[in-house]
Amino acid sequence: MEGIMARGCEHPAGCHSGDQPVLASATVGARSWLLIEHDGPWTASHLENCDLPENISELVRRATERGIRAQLIRRPGRRTRLRDQGIRVLVAVSTGEKPWLASGVVAGPDDLDLDAVVAGVVPESCILEDEPVFLVCTHAKRNACCARIGLPLARGLAEILPDRVWETSHVGGDRYAANLVCLPHGLYYGSMSQAAAIAAVNAYRSGEVILDRFRGRAGIPEPLQAVEHFARAHTGVLSVSAVAVESSRSDGDVTEAIVRVGDVRFQVVVEPSVCQTPGGTACAETITTYRLVSLDRLSPVRYATPALT
């Protein structure tokens, strides 16, 4: 793995091995998703500039207009041209108490109701999935490291879960390759090795996260991703649904939040922190992460008089 990462890699040392911090770096804007199967090639660094079939390009455009995160997906392994039997799509909503994932095959853009997705409703052309899917970024045109490290990772995971793993276009955070996204909750992992990815996949299928190499949950601001991370680290609670920020406020760079962990609430304060990478002052880069300022358990409110009825 080290040899693979070294060739042509321009990222700071330790980014792909898990030695550099990855927390609170999940894509903030990804609250809902449209995954479009397209066997390639992915010809440009940005999805909107790729030379795509007109119907797929139109789906990407419509999704982007509505604030839906569009991704191209394909099965790991050898490339085989898909027969013209419609477009396979998956849609997901990562927010709310019950994130969901659905799939379908549509004849064209007009057959997929993306306004329903925006409203949090499963489109009529899709059916709910009861198993998660896992995306590994392999978008070489965006960054060579995504393909060098992502391709073998995707193929390895696909041997374990052949129907649930997809290669995907850019998900954000090249320096964290290989990147893994777990849907429908939009959980991001970075700097993944094969062993780390298998552990993360198995944890998610059991309804949990693993904090090692966990970038955060997409769709929420980075400081709140950090708040959730530190709350989990402090309490040891790893259930996906057991931790949630209830309120927050910012004063400059400092963010204060009330976070629920099970039935307990904590006041958590975080602020940005700069991590300098190895290599000497002349060539070292800095990585922005977050540090925990304070974490305090809140006492339950006790009323002095009986509640009014």
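Residues numbered from 1 in each chain as written. Predicted model: local features only at pLDDT ≥ 70, side-chain atom pairs only at ≥ 80, totals over all residues. Heavy atoms only, no water.

Brief notes about empty space enclosed by the protein
- Going through the model one piece at a time under the given rule, you end up with one cavity of 30 Å³ or more.
- Quantified by volume, the largest cavity comes out at close to 50 Å³.
- Considering the residues around the largest cavity, the lining is formed by Leu187, Val209, Phe214, Gly216, Arg217, Gln225, Glu228, Arg232 and Val240.
- Elements with a minimum of two residues in the lining of the largest cavity: strand S10 (214–217) and helix H6 (222–235).
- Taken together, the residues of the lining of the largest cavity break down into four nonpolar, two polar and three charged. (1 Å grid on protein atoms, 1.4 Å probe; cavity = no way out; pocket = protein on both sides within 12 Å on 5 of 7 lines; lining within 4 Å. Points joined across faces, edges and corners; volume = space filled by probe spheres on them. Helix = DSSP H or I, 4+ residues; strand = E, 2+ residues; numbered from the N terminus. Nonpolar A, V, L, I, M, F, W, Y, C, P; charged D, E, K, R; others polar.)

Overview of the pattern of salt bridges
- Per the counting criterion, the structure on display carries 13 salt bridges.
- For glutamate 167, the salt bridge goes to arginine 74, with nearest N and O atoms at 3.1 Å. Remark: arginine 74 occurs in strand S2 (residues 69–74) and glutamate 167 occurs in strand S7 (residues 165–168); sequence separation between them is 93 residues. With respect to class, glutamate 167 is no different from arginine 74; both count as buried.
- Among the ionic pairs, glutamate 246 bridges to arginine 260, the shortest N-O distance being 3.9 Å. You can see glutamate 246 sitting in strand S11 (residues 243–251) and its partner arginine 260 sitting in strand S12 (residues 254–261), a full 14 residues away along the chain.
- The partly exposed category is assigned to glutamate 246, whose relative accessible area is 38%.
- What you see here is one network of salt bridges that share partners, running through Glu58, Arg61, Arg62, Glu65 and Asp110. (Salt bridge = Lys/Arg side-chain N within 4 Å of Asp/Glu carboxyl O. Buried < 20%, exposed > 50% of the residue type's maximum accessible area, 1.4 Å probe, protein only.)

Focus: the environment of proline 223
- Inspection of the secondary structure assignment puts proline 223 in helix H6.
- On a C-alpha basis, the gap between proline 223 and alanine 24 in space is 6.8 Å, while along the polypeptide they are 199 residues apart.
- Beyond its immediate chain neighbours, meaning those up to four positions away, proline 223 contacts Thr255, Val270 and Tyr290. (Contact = heavy atoms within 4.5 Å.)

A short note on unusual backbone geometry
- Note that the residue after alanine 177, namely alanine 178, is joined by a cis bond; omega there is 0 degrees.
- Tracing the backbone shows alanine 178 in the loop between S7 and strand S8 (180–183).
- One non-glycine residue, arginine 213, adopts positive backbone phi at about 70 degrees.
- By the element assignment, arginine 213 lies in the loop between helix H5 (194–205) and S10.
- Taking the relative accessible area as the measure of exposure, arginine 213 reaches 18% and is therefore buried.

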